[in-house]
Amino acid sequence: MGPKDANNPLVAPAAKPGAERSSVHHLRRRPHAKVLVVGGGINGVGTFRDLALQGVDVALVERGDYCQGASGASSHMIHGGIRYLENGEFRLVRESVVERNRLLRIAPHYVKPLQTTIPIFSTFSGVLSAPLRFLAHKQHGKPKERGAFLIKLGLSLYDSFSRDGGTVPRHHFRSGERARAELPSLRSDVKYTATYFDASVHNPERLTLDVLQDGEKAGHAAAGEGNAQGNTARASNYVSLQSMTGQPNPGTGRGSTVRLRDELTGEEFDFTADVIVNTTGAWVDLTNEAMGAASTFMGGTKGSHIVLDNPELLAACRGREIFFEHTDGRIVLIYPMGDRVLVGTTDVDADMAEAAVCTDEEIAYFFDLINHVFPDIAVTREQIVYTFSGVRPLPRHDATQPGFVSRDYRIERRGPAKGTEGTGAVVLSLVGGKWTTFRALAEHLANDVLAEIGMERKVSTAQLPIGGGAGFPADEAGVQKWIKAHMGAGRDADRTVGLLTRYGTRAEAVMEYLDGARDRLLHSTRELSVRELEFMAANEQVGHLVDVLIRRTSLAFRGLVTGELLNEVADVLSGPLGWDAAARAAEITHAQEVLQRFHRVEIHSLVT
Ligand SMILES: Cc1cc2nc3c(=O)[nH]c(=O)nc-3n(C[C@H](O)[C@H](O)[C@H](O)COP(=O)(O)OP(=O)(O)OC[C@H]3O[C@@H](n4cnc5c(N)ncnc54)[C@H](O)[C@@H]3O)c2cc1C
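About the cut-offs
Residues numbered from 1 in each chain as written. Predicted model: local features only at pLDDT ≥ 70, side-chain atom pairs only at ≥ 80, totals over all residues. Heavy atoms only, no water. Helix = DSSP H or I, 4+ residues; strand = E, 2+ residues; numbered from the N terminus. Buried < 20%, exposed > 50% of the residue type's maximum accessible area, 1.4 Å probe, protein only. Areas by Shrake-Rupley, 256 points an atom, 1.4 Å probe, with all protein chains shown as cover. Near = heavy atom within 4 Å. Polar contact = N/O pair within 3.5 Å; in protein donor to acceptor, adjacent residues only side chain to side chain. Salt bridge = Lys/Arg side-chain N within 4 Å of Asp/Glu carboxyl O. Core = buried A, V, L, I, M, F, W, Y, C linked by side-chain atoms within 4.5 Å. Domains from an automatic or database assignment. Contact = heavy atoms within 4.5 Å. pLDDT = per-residue confidence, 0-100.

**Student:** Help me understand the overall build of the protein in this model?
**Tutor:** Looking only at helices and strands, the protein features 18 helices and 18 strands. Out of the 608 residues in the protein, the part that is buried amounts to 60%. Carbon and sulfur atoms provide 53% of the accessible area of the protein, an area that totals close to 23,800 Å².

**Student:** Help me understand the site of the ligand in this model?
**Tutor:** The full set close to the ligand counts 39 residues, and Glu62, Ser71, Met77, Gly433 and Thr436 are the nearest of them. Between Thr436 and the ligand, the recorded distance is 2.7 Å, taken from a side-chain N or O atom to an oxygen atom. Relative to its unbound accessible surface of 1,000 Å², the ligand loses 98% to contact with the protein. For the shell around the ligand, the secondary-structure elements that each account for two or more residues are helix 2 (42-53), strand 8 (239-244), strand 11 (301-308) and strand 16 (384-392).

**Student:** Sorry if this is basic, but what is going on with the pattern of salt bridges here?
**Tutor:** Here the structure, examined in full by the defined rule, presents 44 salt bridges. What emerges from the salt-bridge pattern is a single network uniting Arg259, Arg261, Glu263, Glu268 and Asp270.

**Student:** How should I be thinking about the nonpolar core in this particular structure?
**Tutor:** The nonpolar side chains of a soluble globular protein tend to be buried with one another. Residues Tyr386, Leu533, Leu545, Leu573 and Leu595 are the most contacted members of the largest nonpolar core, which totals 71 residues. Residue-level mapping places this core at the junction of two domains, with at least three residues from each of domain 2 (71-204 + 300-404) and domain 3 (471-599). Beyond its immediate stretch of four places on either side in the chain, Leu545 contacts Leu566, Val569, Ala570, Leu573, Trp579, Glu587, Ile588 and Ala591. Counting residues in each nonpolar core, the second largest holds 43 residues, with Leu51, Ala199, Ala233 and Trp435 among its members.

**Student:** Just to check I follow, could you spell out helix 15 (residues 530-539) for this structure?
**Tutor:** In an α-helix, one full turn covers 3.6 residues, which means residues spaced three or four apart are oriented alike. Within helix 15, 7 of the 10 residues are buried, which leaves it mostly tucked inside the rest of the structure. Within helix 15, burial applies to Val530, Arg531, Glu532, Leu533, Phe535, Met536 and Ala537. At its buried positions, helix 15 is contacted by helix 7 (204-223), helix 13 (493-503), helix 14 (507-514), helix 16 (545-552) and helix 17 (563-577). Phi for Gln541, located one or two positions after helix 15, is positive at around 50 degrees.

**Student:** Can you walk me through the environment of Ala485 in this structure?
**Tutor:** With respect to the helices and strands, the residue Ala485 is situated in helix 12 (residues 476-486). Taking the relative accessible area as the measure of exposure, Ala485 reaches 61% and is therefore exposed. Once the C-alpha coordinates of Ala485 and Thr496 are considered, the two residues, 11 residues apart in sequence, prove to be 9.7 Å apart.

**Student:** How do you make sense of the confidence of the model for the protein when you look at a structure like this?
**Tutor:** Low pLDDT marks stretches whose predicted atomic positions should not be read closely. Overall, the prediction assigns the protein a mean pLDDT of 89, with 88% of residues at 70 or greater. Low pLDDT, under 50, characterises residues 1-7; the stretch is placed with 26 contacts to residues that sit more than four places away or in other chains. Low confidence marks residues 127-141, where pLDDT is under 50. Its contacts with residues over four positions away, or in another chain, come to 25 contacts.

**Student:** Where do I start with the side chain of Glu568 in this structure?
**Tutor:** For Glu568, the position within the fold is in helix 17. Beyond its immediate chain neighbours, meaning those up to four positions away, Glu568 contacts Arg520, Leu522, His523 and Ser524.

What follows is the structure, given as structure tokens:
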């Protein structure tokens with residue numbers, strides 16, 4: 001039996017036998033790999049890339065679409081995590097600040113500096129309770145508000161972590177009067193503001209794809225270009241791990257056999273590996289249970305966000321993240337993402353048998369927190385264009401309140417003792433792991449795998465540009481120059497900017513494809529063309545229509561999905577993905593259901 005839970009929304013419509021996807025074909029043709037990574041969130045994909053770069057024969061399976069779990073539900077912050085200082089998590093904060101600075105350099109196409117302002121309403125509060133938390137790592141009772149003194153202390157420490165290779169300016173404080181001059185809509189009794197820089201990832205889904213494709217490319221290079229059969233880094237979405245039979249690889253007598261299921265066709269097949277890396281996030285225990293070795297590592301918490309189309313709130317933020325403590329002690333955020341405003345988040349113990357969705361209660365909480373700092377700005381439910389929710393893969397916690405559970409990660413090992421000739425796969429389970437630290441974590445996990453299989457690290461990922469971050473223009477003047485150089489036949493400046501924003505410098509390869517034949521923009525949006533959709537279908541493992549709306553583009557996030565768009569995208573994808581009329585209609589219905597159930601987006605349109 002495979003893992004069962006309610007948080008797997010996208011494995012639908014009904015599985016149908018059909019032409020085999022090439023990603024599945026490559027797994028089935030050679031059903032062995034030295035290492036199998038289970039789970040295609042950012043941590044699994046990051047580990048896949050790192051191992052592929054070392055020349056390891058590695059495969060990855062993701063039961064839904066890449067980045068559909070917690071990795072697609074984050075607050076989009078690439079941050080040192082200033083608030084973890086009060087949990088005493090100095091190692092994590094230091095590593096996070098270093099990784100934040102690194103990602104600004106190696107993934108500049110998606111990771112951008114984020115000016116962050118904390119409004120502060122008191123001077124000394126929280127000073128006594130915070131050091132106690134440093135010692136106990138626990139939060140007892142209602143948290144005390146963090147005063148200016150404490151925040152100053154935290155930010156100074158934060159800056160000191162940034163000193164080596166720092167790429168962002170140091171923090172500064174403003175008095176209430178100056179703060180209101182900078183942010184006039186702020187509550188009038190604000191005593192100070194503290195402003196510092198973190199970073200945000202504008203397109204986490206696409207960054208995950210870039211990391212994945214770097215890994216696949218390294219596998220092709222290792223096997224020799226053009227030798228797809230010998231590729232040593234293979235990955236497929238919509239393939240789930242169902243169970244483990246325990247039989248070793250018949251060829252080598254080592255490792256274990258697992259049963260995989262193609263979620264788009266319902267077909268199952270066996271696959272063997274010496275090492276299995278369980279990066280299934282909040283589902284780690286369920287995956288271990290499916291492999292016959294139950295664990296109790298995880299204690300995920302649910303967090304939700306809303307996306308608002310509210311120009312007044314957008315203007316009030318003045319391009320900054322407003323990061324502050326709400327009345328219940330939770331740290332919450334309001335920040336502009338393009339022409340929308342992201343508001344989050346909650347932190348409640350998750351029940352994995354229940355789907356993670358943003359509730360009415362959470363929406364009321366978000367409206368309340370907006371009112372806490374911007375009391376004169378009206379917000380209505382009609383302005384919500386999208387909501388999303390996910391489960392943080394946190395370690396099991398008992399007395400500790402969700403907001404104070406450690407955000408650090410650890411790796412749990414199960415299997416034959418190191419250095420023995422015991423059979424059976426070694427299973428490494430990842431417990432925890434934030435977006436921000438994915439590269440360092442992947443390096444750590446890959447080092448553990450290399451030690452298991454007796455290989456040495458050949459390549460460091462520390463300075464290696466990711467995907468379309470390679471050669472990305474360093475400043476606005478560079479961007480303008482790039483755009484001028486890449487405008488052309490039927491491609492105006494807007495379209496060129498759109499492609500650079502979506503793909504980074506990988507846009508060059510996309511443009512080459514677009515220019516290969518006649519192309520036209522869709523009628524329902526000027527942000528996509530027919531050939532670009534065909535490119536995605538051929539190169540980006542699109543499994544369902546909804547993948548394009550939520551994870552290959554940000555159209556759903558920005559509330560731009562219409563009935564016309566659903567029908568038009570489905571029309572174009574039907575050819576390359578082999579959908580007949582019934583499958584096309586089922587895809588539209590599925591997309592409508594996913595958007596309605598998990599994102600509170602109602603699309604009233606009939607299939608045409
Ligand atoms: C509300 C919220 C806000 C957050 N904000 C931030 C932030 O601002 N900054 C930050 O750094 N971090 C943030 N995080 C944390 C961060 O998003 C996660 O810790 C990180 O994305 C976890 O990635 P992962 O790959 O470990 O797990 P996931 O992304 O959850 O990936 C696990 C994958 O495993 C797959 N899977 C499960 N079972 C199987 C199976 N049997 N077979 C195959 N595949 C399977 C799932 O479908 C899923 O895609 C936030 C998290 C949440 C929920």
